[in-house]
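Fold and contact review
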Amino acid sequence: MVPEHGHPSRIGWQLPPFFCPFNAWQHAEAKEIERRALAWIDDFGLYPDATEHAWGLATHSTDFSCRVIPFGDFEHVLTFTLWNYWANAIDDWQDAGPATTSTADIADQGARLTRALETPGCPLLPPGPLTTAFDDLVTRTHDLLTPFQLRRFTEGARDRLIGAGWRTANAERGRMPSLNDYAGLGALANGTRYSLTWSDAANGTRLSPDTLYAAPVQALTDAAGFIVSADNPRCPGALHRRQHRLAGRRAPLRKPAQPQRTARRGSVLRSRVE
């Protein structure tokens, strides 16, 4: 089976199509953002060796970021892109290290990251390239965002870290979350509010707190997060199958008994939400 991408499907069958009402826009300065982002990665030595470096670039975080925010201020979109490269590097570190299946380690790391994000320069993280790069990102973020935007970003980062802990806890217990649990909690790890904060900031969108936190707006935000949750398993499969290692927090979802049927049902459900 050879799909439109020009190579055989790595899973042996074609994923079903899904509905998307938006044009495939990309930020006009995506190439320059990528050039700057890759230089930043090399300057901070984000990846420990050439193999990890190659897999880090294979996340295509610039392409992702410039499609999530196809319009807006260059520096904001660049910083959002750097955060995504850094977050993927953290994911790989967790996958390879002792925190792979430890909810306690994920919770400890999450608390330290959240506090360090709120308080630049606090010595709560271990020394190393990831921490040095994190400190640079925190400085950039505090320079670019207003106090209210920074609070929103911190809340979004906290959501993402809580979601990672929840997924890890499921893996530790060997528990497949129910659809209700997955719809309500799985989207936390996607960082939807984290991404939307940067989109609003890059485009100068300043909603009042009463509007932003109104129940209908929050419901739409959660619906968007669920769509990302439904789409996310389509993307990292080949990357995480390398060396037969998968993130522990993804483990409960990786082997449905009837994968093609499950994929079809998942596509129908996410299209109904959209």
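Counting of residues starts from 1 at the beginning of each chain's written sequence and follows it residue by residue. Only residues with pLDDT of at least 70 get local features here, since the model is predicted, and only at 80 or more are side-chain atom pairs given and counted; chain-wide, interface and lining totals rely on the full set of residues. Based on all heavy atoms of the structure, the side-chain values leave hydrogens and waters out of the count.

**Looking at the overall build of the protein**
For clarity, the cut-off: Note on conventions: DSSP H or I runs of at least 4 residues are helices, E runs of at least 2 residues are strands, and numbering of each starts at the N terminus. Partly exposed residues are those whose accessible area sits between 20% and 50% of the maximum for their type, while under 20% is buried and over 50% is exposed, using a 1.4 Å probe and protein chains only. Residue contacts follow a heavy-atom distance rule, with two residues in contact if any of their heavy atoms lie within 4.5 Å. Areas reported as accessible are Shrake-Rupley estimates using a 1.4 Å probe. Residue values count occlusion only from the protein chains shown.
Along the backbone of the protein there are 13 helices and zero strands. Each helix and strand of the protein, placed in order from N terminus to C terminus, yields the pattern α-α-α-α-α-α-α-α-α-α-α-α-α. By the burial criterion, 41% of the 274 residues in the protein qualify as buried. Sequence-distant contacts, at least 24 apart, represent 77% of the contacts inside the protein between residues at least 6 apart. For the protein, the exposed area adds up to about 14800 Å²; of that, 58% sits on carbon and sulfur atoms.

**Quick word on the packing of aromatic side chains**
In plain terms, the rule: Only centres within 6.5 Å qualify two rings of Phe, Tyr or Trp (six-membered ring in Trp) as a pair; their planes then separate them into stacked at under 30 degrees, edge-to-face at over 60, and tilted for everything else.
Considering all chains together, one arrives at ten aromatic pairs under this definition. On the numbers, 5.3 Å between centres and 50 degrees between planes, the contact of Trp-40 with Phe-44 is tilted. Highlighted residues: Trp-40 and Phe-44, both in helix H1 (residues 30-44), separated by four residues, approximately one helical turn. By relative accessible area, which is 22% here, Phe-44 ends up partly exposed.

**A short note on helix H6 (residues 129-144)**
We apply this condition: Multiply 1.5 Å by the residue count of a helix minus one, and that product is the helix's expected span. Starting at the helix axis, one direction is taken to each C-beta atom, and the arc is that of these directions.
Given a rise of 1.5 Å per residue, 16 residues ought to cover 22 Å, and the 23 Å separating the end C-alpha atoms of H6 matches this to within 8%. Within H6 the residues assigned to the buried category are Leu-130, Thr-131, Ala-133, Phe-134, Leu-137, Val-138 and Thr-141. Buried residues of H6 fall within an arc of 155 degrees about the axis and therefore sit on the same side.

**Structural notes on the confidence of the model for the protein**
Our working rule: Values of pLDDT, which run from 0 to 100, indicate the predictor's confidence residue by residue.
With 73% of its residues at a pLDDT of at least 70, the protein reaches an overall mean of 81. Of all secondary-structure elements in the protein, the lowest mean pLDDT belongs to helix H12 (residues 237-241), at 48, while H1 reaches the highest, 97. Across residues 240-254, where pLDDT falls below 50, the model places 41 contacts with residues more than four positions away in sequence or in other chains.

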